[in-house]
Amino acid sequence: MATKPVSRPLSPHLSIWKWGPHMTVSILHRVTGDGMALVGSVLLVAWLACAAAGEASYAAFLDLFTYADGRMNVVGYVFGIGLTASFFQHMASGVRHLFLDTGAGYELKRNKRGAQATFVFSVVATLALWAFLIAGK
């Protein structure tokens, strides 16, 4: 006895939802958290292992991120600025979620503005911190 296949509707989200900044913030919050945990813990363990292995090992670790005179090289800047930007984006998103957890900011315009503010904050804070670090030398 053959049964007729049931024609089921697609989920409404496939046709009515549009990509928005709040979705990007949500995904970036997860990516930056995982990235900082992974990269940060690997760098910390490598730094501790090289420090424990002796001066030659520690010097080789430092050479990966700095020049002989102590200035950072390209790899040092990439890791430093990348981790800093990840930290500020993750922190701004966390503060946004703290406000959302209180029930505030769910109105569409306010939610969109809050999500966009996390991007602006992370870029401005990263630039300000690195301008301070570079100008201080």
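You'll find the structure just up there.
Thresholds applied
Residues numbered from 1 in each chain as written. Predicted model: local features only at pLDDT ≥ 70, side-chain atom pairs only at ≥ 80, totals over all residues. Heavy atoms only, no water. Patch = residues over 30% accessible without salt bridge, like charges linked within 9 Å, V, L, I, M, F, W, Y side chains within 5 Å. Areas by Shrake-Rupley, 256 points an atom, 1.4 Å probe, with all protein chains shown as cover. Salt bridge = Lys/Arg side-chain N within 4 Å of Asp/Glu carboxyl O. Helix = DSSP H or I, 4+ residues; strand = E, 2+ residues; numbered from the N terminus. Buried < 20%, exposed > 50% of the residue type's maximum accessible area, 1.4 Å probe, protein only. Contact = heavy atoms within 4.5 Å. 1 Å grid on protein atoms, 1.4 Å probe; cavity = no way out; pocket = protein on both sides within 12 Å on 5 of 7 lines; lining within 4 Å. Points joined across faces, edges and corners; volume = space filled by probe spheres on them. Nonpolar A, V, L, I, M, F, W, Y, C, P; charged D, E, K, R; others polar.

1. Digging into a nonpolar patch on the surface
Then comes step 1: Judged by side-chain polarity, Leu-64, Tyr-67, Val-74, Val-75, Val-78 and Phe-79 come together as a nonpolar surface patch covering roughly 530 Å² of accessible area.
Then comes step 2: If you trace the backbone, Leu-64 turns up in helix α3 (residues 55–65).

2. Section: the pattern of salt bridges
Then comes step 1: Applying the stated rule across the entire model yields two salt bridges.
Then comes step 2: Across the pair Arg-71 and Asp-69 runs a salt bridge whose closest N-O atoms are separated by 2.8 Å.

3. Examining the side chain of Thr-118
Then comes step 1: Considering the arrangement of structural elements, one finds Thr-118 in helix α5 (residues 108–135).
Then comes step 2: The class of Thr-118 is buried, set by a relative accessible area of 2%.
Then comes step 3: Residues within four places of Thr-118 in sequence aside, it is in contact with Val-25, Gln-89, Ala-92, Ser-93 and Arg-96.

4. A few points about the layout of surface pockets
Then comes step 1: In this model, the largest pocket occupies a volume close to 210 Å³.
Then comes step 2: Taken together, Trp-17, Lys-18, Trp-19, Gly-20, Pro-21, His-22, Leu-108, Asn-111 and Lys-112 make up the full set of residues lining the largest pocket.
Then comes step 3: Where the lining of the largest pocket is concerned, the elements lending two or more residues are α2 (21–53) and α5.
Then comes step 4: Counting residues per element, the lining of the largest pocket draws most heavily on α5, at three residues.
Then comes step 5: Residues of the lining of the largest pocket, tallied by class, amount to four nonpolar, three polar and two charged.
Then comes step 6: Taken together, Arg-96, Phe-99, Leu-100, Ala-104, Gly-105, Arg-110, Asn-111 and Gly-114 make up the full set of residues lining the second largest pocket.
Then comes step 7: Taken together, the elements giving at least two residues each to the lining of the second largest pocket come down to α4 (74–101) and α5.
Then comes step 8: Its residues assigned to classes, the lining of the second largest pocket comprises three nonpolar, three polar and two charged.

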